[in-house]
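A structural walkthrough
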Amino acid sequence: MLEQFLVGISLMLTFKNIFFALLGITVGIIIGAIPGMTATMATALLVPLTFGMQPIPAIAMLLGVYKGGIYGGSISAILINTPGTPAASATVLDGYPMAQKGQAMKALKMALYASVMADSMSDIILILVAPPLAAIALRFGPPEVFSLVLFALTIIATVSGASLLKGLIAAAFGILFSTIGMDPIAGTPRFSFGYVDMIKGVGLIPMLIGLFAISEVLIQLEKKISDEIKDIRVKESANPDDNRVTASEMKRCLRTIFRGTGIGTFLGAIPGIGSTLAAFLNYGMAQKASKHPERFGKGEIEGVAAAESGNSAVCGATLIPLLTLGIPGDIVTAVLLGAFMIQGLAPGPLLFKEHSDIIYALFVGLMVCNLGNLVIGSIGIRFFAKVLKVPSRILYPLILILCFVGTFAVNNSLFDVGAMFSFGLIGYIMRKFDYPLAPLLIAFVLGPMIETALRQGLIMSDGSFIIFLQRPISLSFLILTALSIFFFTYKRLKGK
Amino acid sequence: MAEGKKKILNRDQKSGIFIFIFSIFLYFYLIPNEVKGKATGGMKPSFIPDLLAIILAFLSLLLIFEPFIRSLKTKEKIFINEQPIKIPSRTIVVSAIFFAYIFITPFLGYLLSSFLILAILLFYFGNRKWYIVIPLIFVFPLMLYWFFAKVMLVLLPQGRIFY
């Protein structure tokens with residue numbers, strides 16, 4: 001492992017790779033800071049830009065966008081009481097009251113430190129856990145892969161939205177979209193309607209840009225586009241202690257940050273749960289464990305540390321199922337999967353075997369991104385606060401043009417642009433009817449995997465489904481799938 | 001129980017009916033006509049689409065009848081007071097502009113169509129400061145053109161009359 005790490009260090013630590021990682025962080029923080037623009041949107045918009053790049057700088061840049069985006073969300077949460085990303089919703093609770101008390105700089109710094117610390121620890125866990133997990137996953141045959149993906153899909157569909165049924169329907173549509181194009185075993189076209197472009201199937205990039213950038217812009221257009229540009233400044237207090245995190249405050253928050261790391265890493269490793277829940281869960285636990293729970297919600301620095309450590313610790317952990325099993329745990333990792341695919345790489349256990357140099361370079365890249373987040377975040381706090389002033393009436397037209405060009409660039413295809421726009425409208429309607437988008441995208445990504453595994457399994461058993469029950473690992477995942485459906489159905493029915 | 005006027009169908013039920021009709025159309029028309037091929041390893045290419053059509057029909061029926069099942073359980077009539085879904089004119093106009101963008105690009109080319117569409121969008125969103133709008137209309141598409149066409153060597157759509 002040490003040898004592979006040294007190779008990873010030599011591959012990653014070049015001027016070009018570090019430049020792209022830092023560029024990604026900067027873009028991520030800027031986009032994350034703007035309300036209505038999410039880390040997901042940032043990564044989706046930047047994937048096409050990685051088209052002509054080599055794998056390591058491309059993935060490092062996107063990882064930077066992801067990490068920067070998660071931290072960037074806290075800037076607007078603290079300064080204008082509006083979370084830049086959903087993951088920063090819990091940061092608002094204490095961050096904004098701190099800013100009102102003249103402690104904006106302290107809150108922003110604590111958000112940064114908690115974010116970077118939790119993220120780094122989560123990445124270390126990923127680095128330690130991923131290689132042995134991938135080695136185990138290498139032994140999986142088609143029946144195990146089928147049952148595992150089915151289990152992951154069930155979890156994603158059941159936890160992604162408010163309604164179990166809607167999550168499952170969205171996932172079913174995701175698999176249905178994945179069947180468009182060439183049949184993976186028989187090689188015959190499905191749902192091509194006689195068009196050559198349809199035989200190639202639906203592209204991941206048009207789908208994710210449509211679902212997460214176009215539909216987001218259309219939703220944001222429903223809100224009033226404000227004419228006024230607010231005067232947003234990070235007001236510094238006359239008391240120097242209000243502008244920095246003191247040693248005693250950091251000591252007090254350490255336990256919360258460690259707890260946030262544990263919660264975020266655990267939840268991040270489970271597909272579908274995401275950073276928002278981790279932030280709120282850690283916030284609630286920090287409040288319960290605090291000697292002064294009454295201070296929470298009124299500008300308690302531990303509240304900011306809890307929210308930010310919880311949501312940032314998810315970043316590293318979501319890569320565990322992606323890198324070891326090829327299963328994206330959330331939307332951003334599905335976007336990263338798309339970026340890997342553009343580079344001709346398929347995340348999963350085989351990637352550890354065939355391209356371990358790239359994997360270890362990415363591990364080093366994660367650490368570079370964390371360090372970069374700390375440096376860029378510290379230096380640029382005042383500048384990033386200014387981007388909140390960019391009016392949405394200028395921003396949205398530019399995003400729409402970028403969506404068009406970015407989608408076209410991947411395959412030089414206007415058909416893809418049309419598909420992207422169609423998915424934008426589908427995403428918009430789904431949001432209006434409260435259908436979650438994550439199960440649709442992740443099921444679309446996992447669709448070919450589950451179908452191929454199912455059909456290969458049946459070929460192995462001469463068409464008998466018993467093979468999925470005869471193999472212990474496969475059977476275990478099927479039992480877990482059934483149990484999770486039963487558990488979530490029971491919980492929802494009881495809740496209602 | 002939410003207060004409000006009685007509604008025959010709620011939003012979920014309406015979407016459930018749409019999905020149910022779609023699943024029937026999928027199973028009886030789209031799959032037989034658009035998915036062909038012989039069985040390999042005991043499974044036809046239509047197996048997964050067929051299965052998904054059945055699952056969608058089943059889930060949509062559950063969505064349609066969920067309020068009735070719940071009202072039977074609680075022995076209360078459940079009325080849902082919800083805002084009707086409205087699609088603002090701004091969303092429709094922007095969608096139409098984007099749609100037009102896709103169609104005019106093969107004729108005008110990437111640059112001309114982007115200048116035009118960006119100008120329309122910026123103006124429609126209420127940007128009236130010419131010293132911001134005019135440079136933006138030209139600089140942003142040109143910047144993207146430079147990045148994609150010159151740095152990444154990706155050909156952007158060429159029109160019949162311009163790049």
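Quantities reported herein were computed from a predicted structural model and do not represent experimental measurements.

**Looking at the overall build of chain A**
Within chain A, the regular secondary structure consists of 22 helices and two strands. The globule rule puts the C-alpha radius of gyration for 496 residues at 23 Å, and the 22 Å found for chain A is close to it. For chain A, the spread of C-alpha atoms along the principal axes amounts to about 75 × 55 × 45 Å. Put simply, chain A has 496 residues, and 63% of those count as buried. A total of about 18100 Å² of accessible surface is found on chain A, and carbon and sulfur atoms cover 67% of it.

**Considering the nonpolar core**
With 194 residues, the main nonpolar core has A:Met110, A:Phe363, A:Ile399, A:Leu441, B:Phe98 and B:Phe148 as its most contacted residues. Residue assignment places this core across two domains, with domain 1 (11-74) and domain 2 (89-162) of chain B each supplying three or more. With residues near it in sequence (within four places) discarded, A:Phe363 still touches A:Phe5, A:Leu126, A:Ile127, A:Ala130, A:Leu323 and A:Phe352. Judged by nonpolar contacts, the second largest core, of five residues, contains A:Tyr66, A:Ile70, A:Ala87 and A:Cys315.

**Comments concerning the packing of aromatic side chains**
A full pass over the atoms with the stated rule returns 26 aromatic pairs over all chains. When the ring of A:Tyr283 is compared with that of A:Phe296, the centres are 5.5 Å apart and the planes differ by 75 degrees; the resulting orientation is edge-to-face. Separated by 13 residues along the polypeptide, A:Tyr283 in helix 12 (residues 275-289) and A:Phe296 in the loop between helix 12 and helix 13 (301-317) bring together distant segments of the chain. The exposure class assigned to A:Tyr283 is buried, which follows from its relative accessible area of 7%. Among the aromatic residues, those joined into a cluster by ring pairs are A:Phe404, A:Phe421, B:Phe98, B:Phe99, B:Tyr101 and B:Phe103. Between A:Lys166 and the ring centre of A:Tyr435, over which it is positioned, the NZ or CZ distance is 5.2 Å. Residue placement shows B:Arg128 over the ring face of B:Phe123; its charged tip is 3.9 Å from the ring centre.

**Regarding the packing of helix 12 of chain A against helix 13 of chain A**
Residues and elements named next belong to chain A. Following both chains from N to C, one finds helix 12 and helix 13 inclined at 145 degrees, their axes separated by 7 Å at the closest point. Crossing angle aside, the handedness with which helix 12 passes helix 13 is right-handed. Where helix 12 approaches helix 13, its residues Ser275, Ala278, Ala279, Asn282, Tyr283 and Ala286 are matched on the opposing element by Glu302, Gly303, Ala306, Ala307, Ser309, Gly310, Asn311 and Val314. Broken down by class, the residue content of the contact of helix 12 with helix 13 amounts to seven nonpolar, six polar and one charged.

**So, empty space enclosed by the protein**
Any empty space left between the atoms is revealed when a probe the size of a water molecule rolls over them. All names here are of chain A. Here the structure, examined in full by the defined rule, presents one cavity of 30 Å³ or more. Put simply, the largest cavity is a space of about 50 Å³. Surrounding the largest cavity, Ile59, Leu63, Leu126, Leu319, Leu322, Leu323, Leu336, Phe340, Leu362, Phe363 and Leu366 form its lining. Of all elements in the fold, only helix 4 (55-80), helix 14 (319-325), helix 15 (331-342) and helix 17 (356-386) reach the threshold of two or more residues within the lining of the largest cavity. For the lining of the largest cavity, the class distribution of residues is eleven nonpolar, no polar and no charged.

Cut-offs and rules
Residues numbered from 1 in each chain as written. Chains lettered and ligands numbered in written order. Predicted model: local features only at pLDDT ≥ 70, side-chain atom pairs only at ≥ 80, totals over all residues. Heavy atoms only, no water. Helix = DSSP H or I, 4+ residues; strand = E, 2+ residues; numbered from the N terminus. Rg over C-alpha atoms; globule rule 2.2 N^0.38 Å. Buried < 20%, exposed > 50% of the residue type's maximum accessible area, 1.4 Å probe, protein only. Areas by Shrake-Rupley, 256 points an atom, 1.4 Å probe, with all protein chains shown as cover. Core = buried A, V, L, I, M, F, W, Y, C linked by side-chain atoms within 4.5 Å. Domains from an automatic or database assignment. Contact = heavy atoms within 4.5 Å. Phe/Tyr/Trp six-rings, centres within 6.5 Å; stacked < 30°, edge-to-face > 60°. Lys NZ or Arg CZ within 6 Å of the ring centre and 35° of its normal. Axes fitted to C-alpha atoms, helices over the stretch in contact; angles between N-to-C directions. Left-handed = near helix turned anticlockwise from the far one by under 90°. Nonpolar A, V, L, I, M, F, W, Y, C, P; charged D, E, K, R; others polar. 1 Å grid on protein atoms, 1.4 Å probe; cavity = no way out; pocket = protein on both sides within 12 Å on 5 of 7 lines; lining within 4 Å. Points joined across faces, edges and corners; volume = space filled by probe spheres on them.

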